[in-house]
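Fold and contact review
Take a look at the letters that make up each chain.
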Amino acid sequence: MDLRESPEELQFRAEVRAFVAAELPDDIRRKVLGFLRVEREDYVRWQRILAARGWGAPGWPVAHGGCGWNAVQRNIFDEECFSAGAPRQMPFGLSMIAPVLMKYGTAAQQARFLPRILSMDDWWCQGYSEPGAGSDLASLKTRAELVGGHYLVTGQKIWTSFAQWANWMFALVRTASDGKPQRGISLLLIPMDAKGISVRPIRTLDGGHDVNEVFLDAVQVPVENLVGTENDGWTVAKYLLGHERTNIAGLGMCKRLLRRLKEIARTQMKHGQPLIDDPRFRDKVAKIEIDVLAHEWALARLISLEQSGRGLGAEPSMLKIRGSEIQADIGELLIECAGPYALPHVEAAMDLDYEGETPGGVELNPLAGLYLDLRKVAIYGGTNEIQRGLIGKSIVGV
Ligand SMILES: Cc1cc2nc3c(=O)[nH]c(=O)nc-3n(C[C@H](O)[C@H](O)[C@H](O)COP(=O)(O)OP(=O)(O)OC[C@H]3O[C@@H](n4cnc5c(N)ncnc54)[C@H](O)[C@@H]3O)c2cc1C
């Protein structure tokens, strides 16, 4: 296994770096790197800049308007975008429902939805989890009953990321309740402006609003919005979850956080010296840096395995756990850097154009929220406990 980049890959990296440096709007970059609030419009603007360059869909085949890149190219692209301060490309349309439509969707569904995902004319959200169905997703209860040419959908979804911005939701619903719970589930495409849908925000510990409850009360969904076969949605759902695990290592975020940690440790003082020069703090930063480096090599090995066509086993689960732990560790060190100034939080200062004051300065203001927000990485995309279960099954067969 040779993990060094080839001359072509180095050239590709340089090309991506130059493009992002030239085209990423400065206001978006400052928001992202400062861990400030990034708005819907910022994500859409950046996606359209990428789409105009032909780089809107790194993971899609060329036939559907994608880049047709291999895993190494996609990783280089992600790394460069992350390191320059680009907002992440929202996965719900691009890397969740789009691959499903390519595999299971009708020609009409592909023609209708794929171009609008690329241009981000549609914002998708994922309606899987319910109050009684998270890790145990097959126990979901939202019902869909075929009446005439429509499904009537009634139930509740929860933790639906960015439902407040979405105009479409792909949702798992129960279309039959006899037999195994995995049977009788179907995947429906539901317009968020349909009568009977209401979205209620969930405020998270950090004060942010990314997740929501979505209530569906006899919502009419045309039968042509069914993806795949009725009652066979579990197969489709599993295929989609396989795609949800892409970019699961969170390496870009680990590196971005590490960089921020060093920047802040250079500006914060301890006994008249920059904190970064304190030997004990320096040791902690060095240890985290080693963790990030090891994580990078583990990801490179995974990509190399993927490239060689070998099936992946427990590796994505291991990377997911490790990535979430490293992010949480850096979050803690950031709080240590800020000391007593970590606690006071001025909500208005999360906006880029804030001109007022904050107790510890604007660069420290987002850190407590960031620390709390980073807890979620261990939960979404399959909790770390569930990932450990998968590792156990795959390696030791328990
Ligand atoms: C920030 C965020 C965004 C999210 N976005 C979305 C979204 O857009 N769409 C969507 O559908 N969902 C979303 N989710 C939901 C997420 O997928 C679920 O929270 C996750 O699957 C866990 O389900 P749960 O919250 O019901 O917890 P539960 O499944 O009830 O788990 C509770 C605890 O028990 C543990 N546990 C459960 N089963 C086992 C087991 N078999 N072995 C060992 N331990 C176990 C879990 O690890 C956890 O610690 C999001 C969650 C978060 C935090």
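Note that the structure is a prediction, hence the values are computed from the model and not measured.

With that settled, the discussion passes to the overall build of the protein chain. Regarding its fold elements, the protein chain presents 12 helices and 10 strands. Taking 398 residues into account, the globule formula puts the C-alpha radius of gyration at 21 Å, and the protein chain, at 22 Å, falls close to it. Based on the C-alpha atoms only, the size of the protein chain along its principal axes is roughly 75 × 50 × 50 Å. Buried residues in the protein chain amount to 47% of all 398 residues. In the protein chain, 72% of the contacts between residues at least 6 apart in sequence involve partners at least 24 apart. Accessible surface for the protein chain amounts to roughly 19,300 Å². Of this, 54% is attributable to carbon and sulfur atoms.

Enumeration according to the criterion identifies 19 aromatic pairs in this entry. Between phenylalanine 19 and tryptophan 55 the ring centres are 5.0 Å apart and the planes differ by 70°, which places this aromatic pair in the edge-to-face class. Of this pair, phenylalanine 19 sits in helix α1 (residues 7-23) while tryptophan 55 sits in the loop between α3 (40-53) and α4 (71-84), placing them 36 residues apart in sequence. Side by side, phenylalanine 19 and tryptophan 55 carry an identical accessibility label, which is buried. Cluster of aromatic residues (ring-pair linked, three or more members): Phe12, Phe19, Trp55, Trp69 and Phe77. The cationic tip of arginine 53 hangs over the ring face of phenylalanine 19; the distance from NZ or CZ to the ring centre is 5.9 Å. Its end group placed over the ring of tyrosine 104, lysine 103 keeps NZ or CZ at 5.7 Å from the ring centre.

Right, let's get into the nonpolar core. Formed by 109 residues in total, the largest nonpolar core has its most connected members in Ile97, Val153, Phe170 and Ile190. What valine 153 contacts, discounting residues up to four positions off in sequence, is Thr142, Arg143, Ala144, Val173, Leu188, Ile190, Leu216, Asp217, Ala218, Val219 and Val221.

Before going further, it helps to examine the site of the ligand. Around the ligand, the structure places 16 residues, and the nearest of them are Ser129, Ser135, Trp159, Thr383 and Glu385. Contact distances for the ligand include 2.6 Å between an oxygen atom and a side-chain N or O atom of serine 135. Across the complex, the protein chains shield 63% of the 970 Å² of accessible surface that the ligand would expose by itself. Across the shell around the ligand, the residue classes tally to 7 nonpolar, 7 polar and 2 charged.

Another aspect to go through is the pattern of salt bridges. Applying the stated rule across the entire model yields 31 salt bridges. Residue arginine 17 pairs with glutamate 80 through a salt bridge whose shortest N-O separation is 2.8 Å. Linking arginine 17 in helix α1 with glutamate 80 in helix α4, this pair joins segments that are 63 residues apart in sequence. Judged by its relative accessible area of 48%, arginine 17 falls in the partly exposed class. A relative accessible area of 5% places glutamate 80 in the buried class.

Residues Trp124 and Gln126 point to one face of strand β1 (residues 124-127) and Cys125 and Gly127 to the other, with burial holding for every one of them. With 4 bridges connecting them, β1 and strand β4 (residues 168-174) associate as parallel partners. The partner of tryptophan 124 across the bridge, within β4, is tryptophan 168.

The next point concerns the side chain of threonine 383. On the secondary structure map, threonine 383 appears in the loop between α11 (367-373) and α12 (384-396). Judged by its relative accessible area of 17%, threonine 383 falls in the buried class. Not counting residues within four places of it along the chain, the set of residues in contact with threonine 383 comprises Ser135, Lys320 and Ala378.

Conventions and cut-offs
Per chain, residues are indexed from 1 in the order of the written sequence. Totals for whole chains, interfaces and linings use every residue, but because this is a predicted model, local features are given only for residues with pLDDT of at least 70 and side-chain atom pairs only at 80 or more, for both listing and counting. In computing side-chain properties, one takes all heavy atoms of the structure into account and sets aside hydrogens as well as water. Numbering of helices and strands runs from the N terminus, with a helix taken as a DSSP run of H or I at least four residues long and a strand as a DSSP run of E at least two residues long. The quantity called the radius of gyration is restricted to C-alpha atoms. Its globule counterpart is 2.2 Å times the number of residues to the power 0.38. Exposed residues in this analysis have more than 50% of their type's maximum accessible area, buried residues have under 20%, and partly exposed residues fall in between, with area computed by a 1.4 Å probe over protein chains only. Any two residues whose heavy atoms approach within 4.5 Å at even a single point are treated as in contact. Accessibility throughout is a Shrake-Rupley quantity obtained with a 1.4 Å probe, and a residue counts as covered only by protein chains that appear here. Ring geometry is summarised as follows: Phe, Tyr and Trp rings, the Trp one being its six-membered ring, pair when their centres sit within 6.5 Å, and such pairs are stacked at plane angles under 30 degrees, edge-to-face over 60 and tilted between the two. For a Lys NZ or an Arg CZ to count as sitting over a ring, it must be within 6 Å of the ring centre and within 35 degrees of the ring normal. For this analysis, a nonpolar core means a set of buried residues of the types Ala, Val, Leu, Ile, Met, Phe, Trp, Tyr and Cys, connected via side-chain atoms within 4.5 Å. A single heavy atom is enough: if one lies within 4 Å of a molecule or strand, its residue is considered near that molecule or strand. Here a polar contact is recorded for every N or O atom pair within 3.5 Å, except that within protein the pair must consist of a potential hydrogen donor and a potential acceptor, and residues adjacent in sequence are included only if both atoms are side-chain atoms. Residue classes follow a fixed rule: Ala, Val, Leu, Ile, Met, Phe, Trp, Tyr, Cys and Pro count as nonpolar, while Asp, Glu, Lys and Arg count as charged, and any other residue, Gly among them, counts as polar. We define a salt bridge as a side-chain nitrogen of Lys or Arg found within 4 Å of a carboxyl oxygen belonging to Asp or Glu. One requirement defines pairing of two strands: DSSP has to find at least two bridges between them.

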